Structures are given as C-alpha cells and as structure tokens.
Amino acid sequence: MKKESVVSPWEVSGEVDYNNLIKDFGVDLLNKDILSKLKEAPPIIRRGLYFTHRDLPQFLADAEKGNKISIVSGRGPSGKMHLGHLIPFIAVKYLQEKYKCPVYIPISDDEKFFFKKDLTQDQVAIHSQDNIIDLIALGFEPKKTFIYTDFSYAPIYKYASAIAKKINLSTAKAVFGFEGESNIGMIFYPAIQSAHIYLPQFLLGSHRTLVPIAIDQDPYMRVLRDVADKFNFIKPSALHSKFLPSLSGSVKMSSSDSSNEVIYLTDSPEEVKRKINKYAFSGGRDTLEEHRKLGGNPDIDISFQYLKYLFEPDDKKLAKIESDYKSGKLLSGELKAILIEKINIFLKEHQKNREKAKKQVDKFMLK
C-alpha cells in the first residue's frame, strides 16, 4: 500500500504527485516560452527541477525593462546545510548575476524554534551562523545581498505585525492546518514569513519581487499574495522546484534524514565516497550480466539525478552518460565514481570559500 502523500511547509512524505500539486495549488507550468528568456540558466532550471511558477513572466518583463526588481529566498536553520538546501540559492545566484538585482536572504531561526520541539534558541543560533557562512561561500554579490536572522533583525516584527492584522485565524487554520495543540508562535509565523517576502517592498517601495522556493512552501505565497492590495504592493512572483531526493531515493533530502542519506556541505572526500557507494539508490540491474544485457534505469538512479540537476552542466556529456548507462556499457559503480569525483571537486572549492566567508559575515548582514 502506498503511503499517503503529505506536502506542507513542515512535512513532505509519501509519493508526491507533482501533477496533483499543480492542480491543488493552482500554479502554472514553467513552459518553453519562459525558459527561452532564461538564457544560460543552470541545470536545475533548464532540466526541469524548477517546474512551476506564479507570475514569473511579469517579473521577467520588468527585469528586461530595467525596472526595479528584487529576489527573496530564505533558509530555515535546523542543522548543517546539505546539497538539497542549495536548490533555491543556485537559482537566486543565477538571477542576481543575470539581472544585477538585490537579494534578501532571511534566516528563519524563529520558525525552527517554534516548529522543532527539540531545538533550543541557542542551538538554532549556532545553526544560523553556520548556515550563513555556507550561503556567503556560494559567491553572492556583497553589495547587493542582505542576510538577516529574525531573532536579531527587529524591524521584521514591525512589518509582520502589520501583515498579521490583515490575516484572520480562519484563513491560517484552513491553509496551514493549525489545531488547538499548535503553539501560538506557529500560528503567528506565517505573518513573519510574509514579512520576509514583502520586506523589499516595505524598504524600497512597490516593485516586482521573485521568490524561488520548493513547492511545499507555496501555501505561504497563497496567503501573503492576498494581502498585497492592502499595502499597495505588487503580488510577489514565485518559482517552484521539485524536491531533490535523498541518497536512499526518498522524495526529499531532509535534515531529519539519517546522516547517511544526505551529503553535507562540510563532508570530507572520504565521507562522500562512502555515502555514495553504500547508500545511493541505484538504477542498475542485480547482476553484471543482466546490466550489460538490459542496461540501467537513469530515471530512478540517484547518482544520475544528482549529475543531471547539479553536477554535469554539459548537455552532451550528460546525454552520453545516460546513453551508456541505458545500454549497459556504463556500470552503476562507474556512474557513482563519476558523481563522487564531481561532488568532491565542488565541495573542495566550497569548503575553501567557507573559510574566507567566516571573515565576510558583517558585509552581508542587514543592519
């Protein structure tokens, strides 16, 4: 029996049917016309990990006219960052470089404190600082990138309060499923999240803002877009991604997974090799003879999925890997070896940049 699918801002489980989510959430597909405007987009966009949107053409039109635009995408600091956490920020970095626009990165330390029963404020603070270093290491433009934590950036409460007054409890309960057992911090948090996304308009006046997020975060967009007119703001646009699966093949790489199911940005080359070789779900056959004869299935192979979306930008090279794997010419172990090498090249550079980032934190923090 299939496990019932659950997709909410705080839980993703079961077998996710993305077609049903498109209908349920009322979002639009990312079509060829839109993609044609995103020249030299990273693989996560042009190969379909980002798949739906809200009002993206309107954002792109303003960007192309040179109108004021901004981008918002945040991070919930519940632990160390892993490969799955990179998905929104790869898109954000590409868009910042393309349109030379400001980027706001809220660190929702309050959300994780409210929703994770086992996290203390001190623990969340440690995760926040560690995550900020990882984000800076990705190479954002210091003069156009503004990072802040909810617990330390006091103005966010002012803006959240203004929004909270415009959203009734019935709406919050209907969209987020709050119950009597929900602590009141959880119930107030959607106003904070809304303030994150409207912060550029509170600070700079009405303009188009784009929010690259995973599809499970869209309930926030549905609620906050409904209050735009009450502040004379423009409804924020959204760009939604599917989930990057865990090494075991479960629907989403998550901080709550076993450490063997995720690749952390601080993992050593030895850890990466061990995890991929031992735990990465394979699309190969049970025996060498079967594999040579029937070939592997790249559609379910985690190593191929990671290459497709993150680590092999060259379309011709990826097509050859896929063809060789399907034909049986390329073995599962060989496919894993390709991925291991590419992840370790990336992490070596990222970890070097992390050390530099530790000295740059003040340049990025919104005062």
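For the structure itself, consult the block above.
Describing the pairing of strand β5 (residues 69–72)
Residues in a regular strand project their side chains so that they alternate between the two faces of the sheet. Of the two faces of β5, both are covered, the one formed by Ile-69 and Ile-71 as well as the one formed by Ser-70 and Val-72. Of the strand pairs in this sheet, β5 and strand β8 (residues 208–214) are connected by three bridges, and their pairing is parallel. Considered in β8, the bridge of Ile-69 is made with Arg-208. Where β5 lies against strand β6 (residues 103–107), two bridges are found, and the strand directions are parallel. If you follow Ile-71 over to β6, its bridge partner there is Val-103. Regarding the hand of the β-α-β motif, the stretch spanning β5, helix α5 (residues 86–99) and β6 is right-handed.

Observations regarding the nonpolar core
Of all hydrophobic cores here, the largest spans 65 residues; its most connected members are Ile-44, Leu-83, Ile-276 and Ile-343. For this core, the element with the highest residue contribution is α5, accounting for eight residues. With sequence-adjacent residues up to four places away left out, Ile-276 is seen in contact with Leu-247, Ile-263, Ser-303, Lys-336, Leu-339, Ile-340 and Ile-343. Grouped together as the second largest cluster of nonpolar side chains are 32 residues, Val-223, Val-227, Phe-233 and Leu-366 included.

Structural notes on the sheet that holds β8
The strand order across the open sheet built from seven strands is β3-β4-β9-β8-β5-β6-β7, with neighbouring strands paired in mixed fashion. What marks the edges here is a single partner per strand, and that holds for β3 (28–29) and β7 (145–149). In this structure, strand β4 (residues 50–54) lies alongside strand β9 (residues 237–241), joined through four bridges in antiparallel fashion. In the sheet register, Tyr-50 faces β9, and the bridge partner there is Ser-241.

Analysis parameters
- Residues numbered from 1 in each chain as written.
- Predicted model: local features only at pLDDT ≥ 70, side-chain atom pairs only at ≥ 80, totals over all residues.
- Heavy atoms only, no water.
- Buried < 20%, exposed > 50% of the residue type's maximum accessible area, 1.4 Å probe, protein only.
- Helix = DSSP H or I, 4+ residues; strand = E, 2+ residues; numbered from the N terminus.
- Pairing = 2+ DSSP bridges.
- Right-handed = clockwise from strand over helix to strand, strands pointing away.
- Core = buried A, V, L, I, M, F, W, Y, C linked by side-chain atoms within 4.5 Å.
- Contact = heavy atoms within 4.5 Å.

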